[in-house]
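Here is what each chain is made of, one letter per residue.
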Amino acid sequence: MRIDVVSIFPSYFDGLTLSLLGKAQDSGILDLNVHDLREWTHDRHRTVDDTPYGGGAGMVMKPEPWGEALDALAPDTGRPTIIFPSPAGEVFTQATARELATREHLIFGCGRYEGIDERVFEYAAELGEVRLISLGDYVLNGGEVAVMAMVEAIGRLIPGVVGNPESLVEESHEDGLLEYASYTKPSVWRDREVPPILLSGNHGAIAAWRREQQVERTRARRPDLLDD
Ligand code: ADE
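What counts and what doesn't
Numbers given to residues run from 1 along each chain, matching the order in which its sequence is written. Where totals are concerned, whole chains, interfaces and linings use all residues; where local detail is concerned, this predicted model gives features only for residues with pLDDT of at least 70, and gives and counts side-chain atom pairs only at 80 or more. Working from all heavy atoms in the structure, the side-chain values ignore hydrogens and water. Helix and strand assignments come from DSSP, with helices taken as H or I runs of at least 4 residues and strands as E runs of at least 2, each series counted from the N terminus. Type-normalised accessible area, obtained with a 1.4 Å probe on protein chains alone, sets the label of each residue: buried when under 20%, exposed when over 50%, and partly exposed for intermediate values. Each residue is tested against the molecule or strand, and it is near if at least one of its non-hydrogen atoms lies within 4 Å. Any pair of N or O atoms that falls within 3.5 Å is considered a polar contact. Within protein, one atom must be able to donate a hydrogen and the other to accept it, and sequence-neighbouring residues count only if both atoms are side-chain atoms. Each accessible area value is a Shrake-Rupley result obtained with a 1.4 Å probe; residue values ignore everything except the protein chains displayed when judging cover. Under the scheme applied, nonpolar residues are Ala, Val, Leu, Ile, Met, Phe, Trp, Tyr, Cys and Pro; charged residues are Asp, Glu, Lys and Arg; polar residues are all the others, including Gly. By definition, a salt bridge exists where a carboxyl oxygen of Asp or Glu is found within 4 Å of a side-chain nitrogen of Lys or Arg. By definition, residues are in contact when any of their heavy atoms lie within 4.5 Å. Strands are labelled as partners when DSSP assigns at least two bridges between them. For helices, the fitted line uses only the C-alpha atoms of the stretch in contact; every axis is such a line through C-alpha atoms, and the angle between N-to-C directions lies from 0 to 180 degrees.

1. Overview of the environment of Asp 227
- Its place among the elements puts Asp 227 in the segment after helix H7 (203-221).
- With a relative accessible area of 66%, Asp 227 lands in the exposed category.
- Spatially, the C-alpha atom of Asp 227 lies 22 Å from that of Ala 97, the residues being 130 residues apart in sequence.

Printed below as a string of structure tokens:
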């Protein structure tokens, strides 16, 4: 998969060279490229924002650098998925991650300030499939942290990125429930015992116990997940 990220703070993404996503880039499974939006400015101050038409607080990102960035990154053939992180977008879930992990080319455009000139989204729709995606119902200072989270959630679902694919199956949200509790050695730690069933060797009973744990935890912590 190819991923292009456009941001005025490209160094945010240095962390994506670490760990599993770093290895995926080394092995060629993931081709991740981070670009500075200011590469596509032409004035001495490398300006990316201006005051909003109609007045109001804050600054708006100018359309011209975004237009040039999209022209440079969208291929002549094929339609990339162009994602703009925004608190005004659809909410990102594991299902979104699964869907986006099947794409060949993702372009992420990180907005800052009060947002990006609306015409950029219209123009982007001529080049690819546009998605405005929110990490959740809270406001970040810009899209960078949201894109880091999305790239990690999507990237680990690309076949070959996570060494043992079975570990992807038993996670929170993969089956609509929260994950069960995990334990390792020692079997007694500071007077706390591991639930005896896990030491029983009875795999059927263990699976049933874990399932029950998942349902109980989901009911207690995230009853909204059980609603539908
Ligand atoms: N930019 C600012 N807040 C955001 C959020 N909650 N999700 C995605 N992008 C954002």
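Resuming the write-up.
2. Side note on the site of the ligand
- Neighbouring the ligand are Pro 85, Ser 86, Pro 87, Ile 133, Ser 134, Leu 135, Gly 136, Tyr 138, Val 139, Leu 140, Gly 142 and Ala 146.
- For the ligand, a nitrogen atom lies 2.9 Å from a polar atom in the backbone of Leu 135.
- In isolation the ligand exposes 260 Å². Once the protein is present, 96% of that is buried.
- Contributions of two or more residues to the shell around the ligand are made by strand E5 (81-91) and strand E7 (129-134).
- In terms of residue count, the dominant contributor to the shell around the ligand is E5 (3 residues).
- A breakdown of the residues in the shell around the ligand according to their chemical character gives 8 nonpolar, 4 polar and no charged.

3. Observations concerning the pattern of salt bridges
- Tallied over the full model, the rule gives 13 salt bridges.
- The salt bridge partner of Arg 131 is Glu 99, with a shortest N-O separation of 3.0 Å. Remark: Glu 99 occurs in helix H3 (residues 94-100) and Arg 131 occurs in strand E7; sequence separation between them is 32 residues.
- Classification of Arg 131 as buried rests on a relative accessible area of 10%.
- Look at the salt bridges and you will find they share partners, linking Glu 90, Glu 99, Arg 103, Glu 129 and Arg 131 into a network.

4. Topic: the side chain of Thr 81
- Inspection of the secondary structure assignment puts Thr 81 in strand E5.
- Overall, Thr 81 belongs to the buried group, its relative accessible area being 2%.
- A distance of 3.1 Å separates polar atoms of two side chains, one belonging to Thr 81 and the other to Glu 129.
- Excluding anything up to four places from it in sequence, Thr 81 contacts Leu 100, Arg 103, His 105, Leu 106, Ile 107, Glu 129 and Arg 131.

5. Looking at the sheet that holds strand E6 (residues 105-109)
- The strand order across the open sheet formed by 5 strands is E2-E1-E6-E5-E7, and the pairing between neighbours is parallel. Because the sheet does not close on itself, it has two edges, and the strands there are strand E2 (31-36) and E7. Averaged over neighbouring strand pairs, the angle between their axes works out to 30 degrees when direction is ignored.
- The pairing of E5 with E6 spans 3 bridges and is classified as parallel. Note on E6: the bridge partner recorded for Ile 83 is Phe 108.
- Together, strand E1 (2-7), E2, E5 and E6 form the strand contacts of helix H2 (residues 63-73), whose direction differs from that of E1 by roughly 165 degrees.
- Of the strands in this sheet, E5 and E7 are in contact with helix H4 (residues 119-127), which crosses E5 at around 140 degrees.

Read these as layout, nothing more, since geometry by itself doesn't imply function.
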